[in-house]
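Reading the structure
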Amino acid sequence: MTDATSSPNRSALVLFSGGQDSATCLAWALDRYDAVETIGFDYGQRHAVEMGARESVREEIARRFPDWAGRLGPDIVVDLAGYGALADSALTTDRAIEMDAQGLPTTFVPARNLVFLAVAAAHAWRRGIETLVGGMCQTDYSGYPDCRAETIAAQQRALSLGLDAEMAVETPLMHLTKAETWALADELGGDSLVELIVADTHTCYRGERGVLHEWGYGCGDCPACELRARGWAEWRAEAAS
């Protein structure tokens with residue numbers, strides 16, 4: 001992975017889902033790059049609320065952080081519904097969220113990050129952007145093999161070879177716990193950014209937006225909500241000590 005401060009290209013493309021991690025990555029990129037664009041993927045997610053959260057987060061970041069607003073560039077959403085149908089996971093079809101016979105959660109969408117990075121790289125190359133930013137993390141995660149640092153490093157190498165041009169992949173959350181991700185948001189944007197992430201991002205696998213918990217909206221018992229809530233509790237406990 002490259003260091004953004006040493007990159008001759010001061011623009012970045014953030015893989016942006018509208019969730020806590022990608023919102024934190026967007027803030028991270030806006031704090032470091034002169035120009036930041038976003039890309040999202042409609043792969044047939046069961047809950048359209050995720051796509052709505054993307055728009056809300058971008059609008060709120062621009063409203064709350066004027067310095068970042070001037071750096072925030074265009075957004076694009078790519079239709080990958082065909083891929084999502086092939087993936088056949090609990091995120092795209094009505095299936096129980098559980099461990100499958102291979103020892104992976106049924107929320108695993110096969111090679112999702114590899115597909116997203118390849119499509120994002122194609123767009124970035126056309127836009128003259130040499131850095132992708134993604135929220136992949138191997139510390140607090142559900143065991144997805146395409147979230148591992150070695151997977152992302154291999155994909156970065158493949159993209160650079162396939163494009164015959166350097167394509168950096170930045171993963172600022174790779175080695176952070178969820179508590180440390182909350183702490184990073186606080187470091188980047190203080191209470192305003194934390195409040196934005198709580199109220200406007202969406203992480204819940206079930207798409208629940210009926211109850212606002214102290215850590216955000218969600219069902220409270222799916223793996224994504226449990227991880228987010230646990231990270232919040234750990235971060236708040238550490239901040240109070």
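Residues numbered from 1 in each chain as written. Predicted model: local features only at pLDDT ≥ 70, side-chain atom pairs only at ≥ 80, totals over all residues. Heavy atoms only, no water.

We now examine the sheet that holds strand S1 (residues 11-15). Across the sheet, 5 strands lie side by side as S3-S2-S1-S4-S5; this open sheet has parallel pairing. Across the chains shown, the open sheet's two edge strands, defined by having one partner strand only, are strand S3 (72-79) and strand S5 (168-170). Pairs of neighbouring strands in the sheet enclose a mean axial angle of 25°, with direction left out of account. Bridge analysis of S1 against strand S2 (residues 35-42) gives 5 bridges, and the strand direction is parallel. Each residue of the ladder has a partner; that of Ala12, found in S2, is Val36. (Pairing = 2+ DSSP bridges. Helix = DSSP H or I, 4+ residues; strand = E, 2+ residues; numbered from the N terminus. Axes fitted to C-alpha atoms, helices over the stretch in contact; angles between N-to-C directions.)

This part takes up the nonpolar core. Core analysis: the biggest nonpolar cluster contains 41 residues, and Val14, Leu26, Trp68, Trp182 and Leu193 have the highest contact counts within it. Listed by contribution, the elements that provide at least two residues to this core are S1, helix H1 (20-32), helix H2 (49-64), helix H7 (178-200) and helix H8 (223-240). Per element, the largest residue contribution to this core is 10 residues, and it comes from H7. In this view, Trp182 contacts Gln20, Val194, Ile197, Val198, Trp215, Arg228, Gly231, Trp232 and Trp235; residues no more than four positions away in its chain are not counted. Core analysis: the second largest hydrophobic core is formed by 20 residues, Val78, Phe116, Ile152 and Val169 among them. (Core = buried A, V, L, I, M, F, W, Y, C linked by side-chain atoms within 4.5 Å. Buried < 20%, exposed > 50% of the residue type's maximum accessible area, 1.4 Å probe, protein only. Contact = heavy atoms within 4.5 Å.)

With that out of the way, let us pick up the packing of aromatic side chains. Considering all chains together, one arrives at 5 aromatic pairs under this definition. Each ring, one from Phe41 and one from Phe116, has its centre 4.2 Å from the other, and the planes form 10°; the classification is stacked. One end of the pair, Phe41, is in strand S2; the other, Phe116, is in helix H5 (residues 112-127), with 75 residues separating them in the sequence. Grouping residues by exposure puts Phe41 and Phe116 together as buried. Aromatic ring contacts, followed pair by pair, group Trp182, Trp232 and Trp235 into a single cluster. The ring of Tyr33 has Arg10 lying over it, and the distance from NZ or CZ to the ring centre is 5.1 Å. Its guanidinium or amino end placed over the ring of Trp235, Arg236 lies 5.0 Å from that ring's centre, counting from NZ or CZ. (Phe/Tyr/Trp six-rings, centres within 6.5 Å; stacked < 30°, edge-to-face > 60°. Lys NZ or Arg CZ within 6 Å of the ring centre and 35° of its normal.)

Okay, the packing of H1 against H7 next. Closest axis-to-axis distance for the H1/H7 pair is 10 Å, and the angle between their directions is 75°. Comparing the axis directions of H1 and H7 gives the class roughly perpendicular. Across the interface between the two elements, Gln20, Asp21, Ala23, Thr24, Ala27, Trp28, Asp31 and Arg32 from H1 touch Lys178, Thr181, Trp182, Leu184, Ala185, Leu188, Leu193 and Ile197 from H7. A breakdown of the residues in the contact of H1 with H7 according to their chemical character gives 9 nonpolar, 3 polar and 4 charged. (Parallel < 35°, antiparallel > 145°, perpendicular 65-115°, else oblique. Nonpolar A, V, L, I, M, F, W, Y, C, P; charged D, E, K, R; others polar.)

Taken from the UniProt record, the annotation "binding site: ATP" (unreviewed entry) applies to Phe16, Ser17, Gly18, Gly19, Gln20, Asp21, Ser22, Ala23, Thr24, Cys25 and Leu26. Note that Phe16 resides in the loop between S1 and H1. Taking relative accessible area as the criterion, Phe16 reaches 2% and is therefore assigned buried. In contact with Phe16, not counting residues within four places along its chain, are Ser22, Ala23, Leu26, Thr38, Ile39, Gly40, Arg54, Val57 and Arg58. Along the chain, the position of Gly18 falls in the loop between S1 and H1. Judged by relative accessible area, which is 0%, Gly18 ranks as buried. Aside from chain neighbours lying at most four places away, what touches Gly18 is Glu50, Ala53, Arg54, Val57, Thr201 and His202. (UniProt positions renumbered as here; feature names shortened; annotations may be inferred.)

Of all 5 residues in S1, 5 are buried, a share of seventy percent or more. On S1, burial covers both faces: Ser11, Leu13 and Leu15 on one face and Ala12 and Val14 on the other are all buried. One crossover worth recording links S1 to the parallel S2 by way of H1, and it is right-handed. By the bridge criterion, 2 bridges tie S1 to strand S4 (residues 131-133) in an arrangement that is parallel. Residue pairing in the sheet places Val14 in a bridge with Val133 of S4. (Right-handed = clockwise from strand over helix to strand, strands pointing away.)

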